[in-house]
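Commentary on secondary and tertiary structure
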Amino acid sequence: MKLIFATHNAHKAKEIQKMLPESIQILTLEEIGCFDEIPETADTLEGNASLKSSFVKDHYGVNCFADDTGLEIEALNGEPGVLSARYAGETKDPQANMDLVLSRLEGNSNRKARFRTVISLWLNEEEYLFEGIVDGTIRTERSGAEGFGYDPIFQPDGYEITFAEMSMDEKNKISHRGRAVQKLVDFLSQLKLDK
Ligand code: IMP
């Protein structure tokens, strides 16, 4: 089965493709000739995931899914949340985003945070939503060089290392996106069994 993943982020597409059985082949937006910047104007992760998948369904008429992720920090009332990519400005600079988080948490002993991913799947004219969460804490300094985004400052619960110190495989097994994708994969596999 071919499924369009409504993203321009090749790193994310690669992470997800690695988790899927060979029978499900992911195509990115570039691979279907879509170079549009899809608007992400909703104020929830659910809303943005849905906006992106609906855009692809409406313009290309294909089965597709989209994800939206936010880092939700307890002491910052859930920020950066839906603003995670552009927390420190429209340049979407991960270093500036991390600096802003670290400065806003300076001196705060509550470092609790979580990553939350929502996936919206459009399959045969019906929409399905899947959620994945990983709890953790925000370090006081960066550590590690793997991954992307806030990985160097996020330490998942039960580990002494940050996401940026894990291999992609290790991170996929426990990550927010990994968990949401697992739910998507379980759902798609179940559909095949029913047929
Ligand atoms: P997106 O919805 O997946 O594009 O994620 C929005 C933003 O959240 C990204 O630009 C990153 O700043 C951050 N983010 C999402 N997933 C991760 C992750 O796995 N590690 C670190 N940061 C992430």
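Relevant structure appears above.
The paragraphs below set out a description of the structure included in this document. (Residues numbered from 1 in each chain as written. Predicted model: local features only at pLDDT ≥ 70, side-chain atom pairs only at ≥ 80, totals over all residues. Heavy atoms only, no water.)

1. So, the layout of surface pockets
Stated formally: Space inside and on the surface of the protein is sampled on a 1 Å grid over the protein atoms alone, with a cavity defined as a set of points where a 1.4 Å probe fits but cannot get out and a pocket as an open set with protein on both sides within 12 Å along at least 5 of 7 lines; lining residues have an atom within 4 Å of a point. Grid points are joined across faces, edges and corners, and a volume is the space filled by probe spheres set on the points. Here a strand is any run of E in DSSP of at least two residues, a helix any run of H or I of at least four, and the numbering for each starts at the N terminus.
Estimates place the volume of the largest pocket at around 940 Å³. As for the largest pocket, its lining consists of 32 residues, and the residues nearest its centre are Asn9, Lys12, Glu40, Ala85 and Phe148. The element contributing the most residues to the lining of the largest pocket is strand β3 (residues 64-73), with five residues.

2. Topic: the packing of aromatic side chains
For any pair of aromatic rings, geometry is given as the distance between the ring centres together with the angle between the planes. Here is the rule: Aromatic rings from Phe, Tyr and Trp, taking only the six-membered ring of Trp, are treated as a pair when their centres fall within 6.5 Å; an angle between ring planes under 30 degrees marks them as stacked, one over 60 as edge-to-face, and anything in between as tilted. Throughout this description, buried means an accessible area under 20% of the type-specific maximum (1.4 Å probe, protein chains only), exposed means over 50%, and partly exposed covers the range between. Both a distance and an angle decide whether a charge sits over a ring: NZ of Lys or CZ of Arg must be within 6 Å of the ring centre and within 35 degrees of the ring normal.
For the coordinates displayed, the defined rule picks out six aromatic pairs. Considering the side-chain rings of Phe5 and Phe65, the 4.6 Å spacing of their centres and the 15° angle between planes classify their relative orientation as stacked. Taken as a pair, Phe5 in strand β1 (residues 2-5) and Phe65 in strand β3 lie far apart in primary sequence, 60 residues in all. The exposure class assigned to Phe65 is buried, which follows from its relative accessible area of 0%. Just above the ring of Trp122 sits the side chain of Lys57; from NZ or CZ to the centre is 4.4 Å.

3. Digging into the side chain of Ser120
Put simply, the rule is: In protein, a polar contact means a hydrogen-donor-capable atom and an acceptor-capable atom, both N or O and within 3.5 Å, with residues adjacent in sequence counting only if both atoms are side-chain atoms; elsewhere, any N or O pair within 3.5 Å suffices. For this analysis, residues touch if any pair of their heavy atoms sits within 4.5 Å.
Mapped onto the elements of the fold, Ser120 is located in strand β4 (residues 112-123). The exposure class assigned to Ser120 is buried, which follows from its relative accessible area of 0%. Here Ser53 takes part through its side chain, which lies 2.6 Å from a polar atom of the side chain of Ser120. A polar side-chain atom of Ser120 sits 2.7 Å from a polar atom in the side chain of Glu127. Aside from chain neighbours lying at most four places away, what touches Ser120 is Ala49, Ser50, Ser53, Cys64, Phe65, Ala66, Glu127, Tyr128 and Leu129.

4. Looking at the pairing of β1
Side-chain direction in a regular strand flips from residue to residue, so the side chains alternate between the two faces of the sheet. What counts here: Pairing between two strands is assigned when DSSP locates at least 2 bridges connecting them. Looking down the strands as they point away from the viewer, one classifies a crossover as right-handed if the path from the first strand across the helix to the second runs clockwise.
The pairing of β1 with strand β2 (residues 25-28) spans four bridges and is parallel. Opposite Lys2, over in β2, you have Gln25 as the bridge partner. In this region the chain leaves β1, passes through helix α1 (residues 10-19) and returns to the parallel neighbour β2; the handedness of that crossover is right-handed. In this sheet, β3 lies alongside β1 in parallel orientation, the contact comprising two bridges. Bridging from a neighbouring strand, Ile4 pairs with Cys64 of β3.

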